[in-house]
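Spelled out from the first residue to the last, the chains are:
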Amino acid sequence: MVYLAAEGRYGSMHYQRCGRSGVLLPKVSLGLWHNFGDTHPLETQRAVLRRAFDLGVTHIDLANNYGPPPGSAESNFGTIFTQDFRPYRDELFIASKAGYLMWPGPYGEFGSRKYLLASLDQSLARMGLDYVDVFYSHRFDPDTPLEETMGALDSAVRQGKALYAGLSNYPPEAIERAAAILGELRTPYLINQHPYSMLQREVEGGVLEASARAGVGVIAFSPLAQGQLTDRYLAGVPADSRMAAGFLKREVLTEQRLALLHALNKLAEGRGQTLAQLALAWVLRDPRVVSVLIGASSVAQLEQNVAVLDSPGFTDDELAEIDRLSAENGIEIP
C-alpha cells in the first residue's frame, strides 16, 4: 500500500536548534543501529520508520557499519526510502558515518581521506541518495593527521555529497582542534555525537563545554544504556534482549547496578513515567543536548519513548536524588 505521511506529523514533536546553525532537529531522533539489519523483518522496520515520521521524527541516523551485517541497515533503509520516503526527502535529515572497520585491508577503517570518501560513496549507493544531510567521522584516529580527516569532511561537503560535517566519539581536545581546522576551511560543522546516559556521563567532563564553545549541538546515543535503563532487566535477562544476544555483557548487570535501576524505576513511577522515559528526559534536561537517539524494535516501543516529550521538568531535589543514587552505586560523575 502506498505510504502517505500523516498530515499532522509536525503538530506534537518538539524541535530544537542545533548549535548556532539554522538546523532544527527533533528532540527525539531515530537511530538504525541494531534493529534495522538483516536479522529483523523488513516490514517491522518499515512500520517503525513510517510511524516515526508520522510522529514528526525527521532525523534518521545511520552509519556504514550498522546492521548486522555491516551495511545492511543502510541497504534496508534504502529499500524503504525508495518505496515510501522519496517524495519526502526534503523533510528528512539523514546522517551517516565512517570510522569503524567496514572492509578488510589497510583502507577499511579509521580516518584517512581514502577511507572516509570511499565509504561515503558506498553509503550513498546503498541508501539510494544523492547526499546525506550530515556526514560524521565516526571516531577519532590518533594516527592520522586531524587536518587530513577534517579535509575529507570538507571535501564531502564541497562535492555536494553532504550538507554538514559532524564528529562522533571525539575527546574534548580533539573537538577543539577539529573545530579550528573546519573553521579555517569554512566547512559547516554542525554536531557532535556521543554516548550519554545516567549510567555513562563522560561527556560532562568536557565534551559538552567544547561543543558549546564550537557552536555545535550534541546528540546523545545510547541514552538508555543499551536497554539497561528500561524495565527489561529489572526481573532478569529476557531471552530476546540485547544482553541475551551478546550485544551487552551480562557482567554489567551486577547487584549494585540492579539496585540503582530499581531505585531509578521507583523515582520514575513517582513522576508517572517509565524508567526509559525518565532516562530520556534526564539526558534532554541539558539544553546543549539537541536530541536523543533512540532505537526501536517495534512501533509500541517507539511511541512509548517519543512520549518523553510530555515529561514534566525536573525539580532540583529530583536531580540531586539521581546524582546521589548514581554516586552511591558506582556511577562516575565528572
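Higher on the page you've got the structure.
Residues numbered from 1 in each chain as written. Predicted model: local features only at pLDDT ≥ 70, side-chain atom pairs only at ≥ 80, totals over all residues. Heavy atoms only, no water.

Focus on the overall build of the chain
- Within the chain, the regular secondary structure consists of 11 helices and 10 strands.
- Taken along the three principal axes of its C-alpha coordinates, the chain extends 50 × 50 × 40 Å.
- In the chain, the share of contacts with a sequence separation of at least 24, taken over all contacts with a separation of at least 6, comes to 75%.
- With the model as given, the accessible surface of the chain reaches about 14100 Å², and the carbon-plus-sulfur share is 52%.
- Here the chain contributes 30 positive and 39 negative side-chain charges, whose respective centroids are spaced 3 Å apart. (Helix = DSSP H or I, 4+ residues; strand = E, 2+ residues; numbered from the N terminus. Contact = heavy atoms within 4.5 Å. Areas by Shrake-Rupley, 256 points an atom, 1.4 Å probe, with all protein chains shown as cover. Lys, Arg positive; Asp, Glu negative; His and termini not counted. Charge placed at Lys NZ, Arg CZ, Asp CG, Glu CD.)

Here we look at empty space enclosed by the protein
- If you walk through the whole model with that rule in mind, you get one cavity of 30 Å³ or more.
- Empty space within the largest cavity amounts to approximately 30 Å³.
- In this structure, the largest cavity is lined by Leu49, Phe53, Ile60, Phe77, Phe85 and Leu92.
- Of the residues assigned to the lining of the largest cavity, the class counts are six nonpolar, no polar and no charged. (1 Å grid on protein atoms, 1.4 Å probe; cavity = no way out; pocket = protein on both sides within 12 Å on 5 of 7 lines; lining within 4 Å. Points joined across faces, edges and corners; volume = space filled by probe spheres on them. Nonpolar A, V, L, I, M, F, W, Y, C, P; charged D, E, K, R; others polar.)

Quick word on the pairing of strand E7 (residues 162–168)
- A large share of E7 lies buried, amounting to five of its seven residues.
- Where strand E6 (residues 132–137) and E7 come together, five bridges link them in parallel fashion. Bridge pairing links Ser137 to Leu167 in E7.
- In this fold, E6 hands off to helix H4 (residues 146–158), which returns the chain to E7; that crossover is right-handed. (Buried < 20%, exposed > 50% of the residue type's maximum accessible area, 1.4 Å probe, protein only. Pairing = 2+ DSSP bridges. Right-handed = clockwise from strand over helix to strand, strands pointing away.)

Section: unusual backbone geometry
- With an omega of 5°, the peptide bond between Gly67 and Pro68 qualifies as cis.
- With respect to the helices, strands and loops of the structure, Pro68 is situated in the loop between strand E4 (59–61) and helix H2 (72–85).
- Here the bond from Pro68 into Pro69 is cis, since omega is -10°, no more than 30 degrees from zero.
- Counting through the fold element by element, Pro69 comes out in the loop between E4 and H2.

Here we look at the packing of H2 against helix H3 (residues 113–127)
- Between H2 and H3, the shortest axis-to-axis distance is 7 Å and the interhelical angle comes to 40°. One element, H2, and the other, H3, form an angle in the oblique class. The segment H2 lies against H3, with Glu74, Ser75, Phe77, Gly78 and Phe81 engaging Ser123, Arg126 and Met127.
- Per-class residue counts for the contact of H2 with H3 are three nonpolar, three polar and two charged. (Axes fitted to C-alpha atoms, helices over the stretch in contact; angles between N-to-C directions. Parallel < 35°, antiparallel > 145°, perpendicular 65-115°, else oblique.)

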